[in-house]
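Spelled out from the first residue to the last, the chains are:
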Amino acid sequence: MVPLFVLIPFFSIIILNLFPKKLMQHLSFVWLGFLSLAQVYLVAARPVWFWDTKLELWNLLFSFRYSVDVITLVMLLCIGIVVFISLLASRAMISDVHQRVNFKNLLLVSLIGMNATVLVTDVFSLYVFIEITAVSSYIMIAMNKDRLGLEGAFKYLILSAIATVMMLVAISLLLLLTGNTSFEAVGAGLAGAGNSLFVRVSIGLFLCGLFIKSGLVPFHGWLPDAYSAAPAPASILLAGIVTKVSGVYVLMRLAISVFGLTPSVQALLMFIGAVSIIIGAVAALTQTDFKRMLAYSSISQIGYIILGVGCGTKLALIGAVFHLFNHAIFKSLLFVNAASVEKELGTTDMDKMGGLTQRMPVTGITSVIGLLSTAGIPPLSGFWSKFIIIIALWQAGNFGYAAFALLASIITLAYFLSMQRKVFFGKLRSGLENIKESSMGLIVSQAVLAIITLVVGLIFPLVISWR
Amino acid sequence: MNLAGAQTFWYFYIAIMLLFVMGAYYIIASFNLIRVLIGLELLIKAVTLLSILTGYLTHNEGLAQALVITLIVIEVVIMVVAGGIVVCIYRNNKSLDTRKLKELKG
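Residues numbered from 1 in each chain as written. Chains lettered and ligands numbered in written order. Predicted model: local features only at pLDDT ≥ 70, side-chain atom pairs only at ≥ 80, totals over all residues. Heavy atoms only, no water.

A. Seen up close, the packing of helix H14 (residues 290-311) of chain A against helix H15 (residues 314-345) of chain A. Residues and elements named next belong to chain A. In contact at an axis separation of 9 Å, H14 and H15 are set at 175° when each is read in the N-to-C sense. As far as their axial angle goes, H15 and H14 are roughly antiparallel. For the contact of H14 with H15, a count of residues per class yields 17 nonpolar, six polar and three charged. (Axes fitted to C-alpha atoms, helices over the stretch in contact; angles between N-to-C directions. Helix = DSSP H or I, 4+ residues; strand = E, 2+ residues; numbered from the N terminus. Parallel < 35°, antiparallel > 145°, perpendicular 65-115°, else oblique. Nonpolar A, V, L, I, M, F, W, Y, C, P; charged D, E, K, R; others polar.)

B. Here's a closer look at the domain arrangement of chain A. All names here are of chain A. Partitioning chain A into structural domains gives domain 1 (1-164 + 217-252) and domain 2 (261-467). In this structure, domain 1 and domain 2 have C-alpha centres spaced 22 Å apart. With 36 residues of domain 1 in contact, the opposing surface of domain 2 contributes 39 residues. Both sides of the domain 1 and domain 2 interface together cover about 3200 Å² of buried area, and 83% of this is carbon and sulfur. Taken together, the links from domain 1 to domain 2 amount to one salt bridge. (Domains from an automatic or database assignment. Contact = heavy atoms within 4.5 Å. Buried area = accessible area lost by both parts, 1.4 Å probe. Salt bridge = Lys/Arg side-chain N within 4 Å of Asp/Glu carboxyl O.)

C. Spotlight on the environment of Gly204(A). With respect to the secondary-structure elements, Gly204(A) resides in helix H10 (residues 197-214). Judged by its relative accessible area of 27%, Gly204(A) is partly exposed. (Buried < 20%, exposed > 50% of the residue type's maximum accessible area, 1.4 Å probe, protein only.)

D. Layout of helix H2 (residues 21-45) of chain A. Residue and element names in this part refer to chain A. Between its terminal C-alpha atoms H2 stretches 35 Å, which fits the 36 Å expected from 25 residues at 1.5 Å a residue. Listed in full, the buried residues belonging to H2 are Met 24, Gln 25, Ser 28, Phe 29, Leu 32, Gly 33, Leu 35, Ser 36, Gln 39, Val 40, Leu 42 and Val 43. Immediately beyond the C-terminal end of H2, within one or two residues, lies Arg 46, with a positive phi of roughly 45°. (Expected span 1.5 Å × (residues − 1).)

E. Up close: the interface of chain B and chain A. Listed per partner, the contact involves 39 residues of chain B and 40 residues of chain A. Between chain B and chain A, the buried area comes to about 3400 Å², and carbon and sulfur atoms account for 78% of it. In this assembly, chain B and chain A are joined by zero salt bridges. Remark: the boundary between chain B and chain A carries three residue pairs in polar contact (both at pLDDT 80 or more). Among the elements that make up the side of chain B that touches chain A, the one with the highest residue count is helix H3 (residues 61-93) of chain B (15 residues). Per-class residue counts for the side of chain B that touches chain A are 27 nonpolar, eight polar and four charged. (Polar contact = N/O pair within 3.5 Å; in protein donor to acceptor, adjacent residues only side chain to side chain.)

F. Molecular detail of the packing of helix H6 (residues 97-119) of chain A against helix H12 (residues 232-259) of chain A. All names here are of chain A. Between H6 and H12, the least distance of the axes is 10 Å, while the angle of their chain directions is 20°. Considered as vectors, H6 and H12 are oriented roughly parallel to each other. As H6 runs across H12, the sense of the crossing is left-handed. Of the residues in H12, those touching H6 at Phe 103, Leu 107, Ser 110, Met 114, Thr 117 and Val 118 are Pro 233, Ala 234, Leu 237, Ile 241, Val 242, Val 245, Tyr 249 and Val 250. Across the contact of H6 with H12, the residue classes break down as 12 nonpolar, two polar and no charged. (Left-handed = near helix turned anticlockwise from the far one by under 90°.)

G. Up close: the packing of aromatic side chains. Residue and element names in this part refer to chain A. Across all of its chains, the model carries 20 aromatic pairs over all chains by this definition. Residues Phe 5 and Trp 51 carry aromatic rings whose centres are separated by 5.7 Å and whose planes lie at 55° to one another, so their mutual orientation is tilted. Of this pair, Phe 5 sits in helix H1 (residues 4-16) while Trp 51 sits in helix H3 (residues 48-51); the two residues are 46 residues apart in sequence, bridging distant segments of the chain. By relative accessible area, Trp 51 is classed as buried at 14%. In textbook terms, an aromatic cluster arises when at least three aromatic residues are bridged by ring pairs, as seen for Phe 322, Phe 383, Trp 384, Phe 387 and Phe 460. When the ring centre of Phe 29 is taken as reference, the NZ or CZ atom of Arg 91 above it lies at 4.4 Å. (Phe/Tyr/Trp six-rings, centres within 6.5 Å; stacked < 30°, edge-to-face > 60°. Lys NZ or Arg CZ within 6 Å of the ring centre and 35° of its normal.)

In structure tokens form, the structure reads like this:
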């Protein structure tokens, strides 16, 4: 019954929009909450009746080929959690009825896109579902129709359309080379084709497209703009999961099971990862806007994941997938913190804040947990994943990159501590005496994410043996 | 890779290359939002032609047809969204000049 992950959101868009808008906003809130939590339950508990039953009726109507492995399961789990958090944030942050309804429809569309992206086994279907996810996120960024949002959305749209053109050219070339588009056929064809210029051009084009999609350093221009200009619930969704699914996950899947980790691909991935780590971290140091700083930190953390994928040993891949999970959790946590500060203060400029922990205790404390986890302080979950990646790099003989990754996490700590000092710690800035803790939905989502970060860090041995 | 007859399509390659160069030139050199979109459209058209040619050369016409039709549908969706964003930008700025989109600094 695995295709239900895609089919149920699809039919619920059609059915929910039959109701009048006033009713639909509550109904879709409940239904989307149920869908995302059900997805978390189905992945975490993995009941046999769900995963092993075949849908005979649907197979008659159309065929949906899918494959499920550990990476897919982790991604489905992250999608469920982040969609739920973004839903709670949208309840708190969006007050207009029409915008609420629009946002929930877009959330359902992007749920379809993301779930299908992680399940498909075909290069062209991958492109189709990446594009569905991307279209829904363009509209989410531009949803308020303000100048910044439109500018961010247009930049994202143009760069991501160029990325898809690159990917499509690569798909056409792979089709020319192998005569098919499924993962196995393309992988087998590439393995038989050797290392000609043609193969290298098509793999290189595909990787470049994915680098743009995941916002790695030479192609990262759109990412801070899109994240900081988007409305808060959309930026939680984008930063938490959309770029990870449509960029990093696809990169990982193709690198592992289609292109194969050849030495040249490995060298390219590790180099790009290392450059992203350092440039993202240094750029984050200089930012004065809360969300832009988080966006640059996101580039830096994606660099760690790509470094792990590029290393290519089994341990490094485990570390990369684990860091992907952790990054989805703690980056959503930090973006929810930013959202609740934005909701109460009406700004994301860090120079206008100070001492907010006195007024917003939950936001302050959970943001400390998020920052310590990002910087890799034990016993939080981010420590373990970074630790595994660095150990794997060392074992594989990449001593330079290992030392580099270790040193760069000090810069991570530096920019986060400077953020904390400006925003949450210290004396309350004058003029902010009337600030209250933000609404219930945001508090609950912050608490849930912080508890996940803490618990995953503490019961790490159980988590790492989960499969 | 069996590409019998690949040589006879040299004019096809030239058309695809020309479309690519024109599209890229429009995107890079133009300061008008609509022209950027037209450039994008040219790029996607070039890719569409490339997939048709690929399907013909590898005797996968059925697969290529399915791919091209899907491609056209998705392209329309992207262009509609992009057009909507451009209209909103025009309403806000009263101008289609990309040089006025400078509030966010990469």
